[in-house]
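Read off the chains here:
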Amino acid sequence: PPDARFFQGLYSLGARPPLANVVGGVLLDLAGGGFPRHLILNTLLGTLVVFPVLLLARRWAPGRERAAAALALVLLLVSPFVAQNLTFGWTRHQTSFWVLLAVFFLLRGLAAEGLARDRVLGFLALAAGCLTHYSAGPALLLAVVVYGWTRRRALLTADGLRETTLHAVLGGALLG
């Protein structure tokens, strides 16, 4: 129920985070409304998961980017998980889009010569994922642990502390 309270009555937790509903609502309003359009728009939003999958496939197969991208597309096409989640207008694929996009940016940003910009984009994508579905929460926690471990020496410097603060402020602003 909307009035349900958690953590000894201190916190109310909505049934769903709002990002997918907001984006879907805006697009549905632009498309003219109606349940058939709602289903089509949610299906199209779910297909966004293809793009970070292609980015990751290309990253993990240097020199064979086209073959890796083609294999990833074939695997997505024959996957019953993908087919079922695209058939129903759920938020899981939209959440998967944000989480996979975050993985791409964080892998690139945490590499030896990674850019701080990529790390910021990765954490922003995870915040957007949490705004889409709560299932992105464990990915965010894992990313924070991996970030802390891989950047443990940099975190002791002023620049590292400034960057980590930037992640927290931008992510918190988006979640807020």
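Use the structure listed above.
The residue numbering used here restarts from 1 in each chain and proceeds along that chain's sequence as written. Local features in this predicted model are restricted to residues whose pLDDT is 70 or higher, and side-chain atom pairs enter the listing and the counts only when it is 80 or higher, whereas totals over whole chains, interfaces and linings include all residues. Side-chain numbers come from the whole structure's heavy atoms, not from hydrogens or water.

### Topic: the packing of aromatic side chains
No. 1: Classification of ring pairs uses Phe, Tyr and Trp, with its six-membered ring standing for Trp, and accepts pairs whose centres are within 6.5 Å; under 30 degrees between planes counts as stacked, over 60 as edge-to-face, and the remaining range as tilted. Per the stated rule, a full pass over the model turns up three aromatic pairs.
No. 2: Residues F97 and W98 carry aromatic rings whose centres are separated by 4.9 Å and whose planes lie at 65° to one another, so their mutual orientation is edge-to-face.
No. 3: Relative accessibility under 20% of the residue-type maximum defines a buried residue, over 50% an exposed one, and the middle range a partly exposed one, all with a 1.4 Å probe and only protein chains included. Overall, the relative accessible area of 14% leaves F97 in the buried class.
No. 4: Taking 5.4 Å as the distance between ring centres and 90° as the angle between the ring planes, the aromatic pair formed by F123 and Y147 counts as edge-to-face. You can see F123 sitting in helix α7 (residues 116-132) and its partner Y147 sitting in helix α8 (residues 137-150), a full 24 residues away along the chain. Each member of the pair F123 and Y147 is classed as buried.
No. 5: By definition, being over a ring means that NZ of Lys or CZ of Arg is both within 6 Å of the ring centre and within 35 degrees of the ring normal. Sitting above the plane of the W149 ring, R152 keeps its charged end 3.9 Å from the centroid. Every helix listed is a DSSP run of H or I at least four residues long, and every strand listed is a run of E at least two residues long, numbered separately from the N terminus.

### Considering α7
No. 1: Look at α7: 24 Å from first C-alpha to last across 17 residues, which is about the 24 Å you get at 1.5 Å a residue.
No. 2: The element α7 is extensively covered by neighbouring structure, given that 13 of its 17 residues are classed as buried. A helix is expected to span 1.5 Å for every residue after the first.

### With respect to the pattern of salt bridges
No. 1: Whenever Lys or Arg places a side-chain nitrogen within 4 Å of a carboxyl oxygen from Asp or Glu, that contact is recorded as a salt bridge. Applying the stated criterion across every chain, the model contains five salt bridges.
No. 2: For the salt bridge of E163 with R151, the shortest nitrogen-to-oxygen distance reads 3.1 Å. Note that E163 is positioned in helix α9 (residues 158-175) and R151 in the loop between α8 and α9, a separation of twelve residues in sequence.
No. 3: Using a relative accessible area of 10% as the deciding quantity, one classes E163 as buried.
No. 4: Judged by its relative accessible area of 19%, R151 falls in the buried class.
No. 5: The closest approach of N and O atoms between R162 and D159, which form a salt bridge, is 2.7 Å. Note that R162 and D159 are positioned in helix α9 at a spacing of three residues, about one turn of the helix.

Take it as geometry only, folks, not as evidence of what the structure does.
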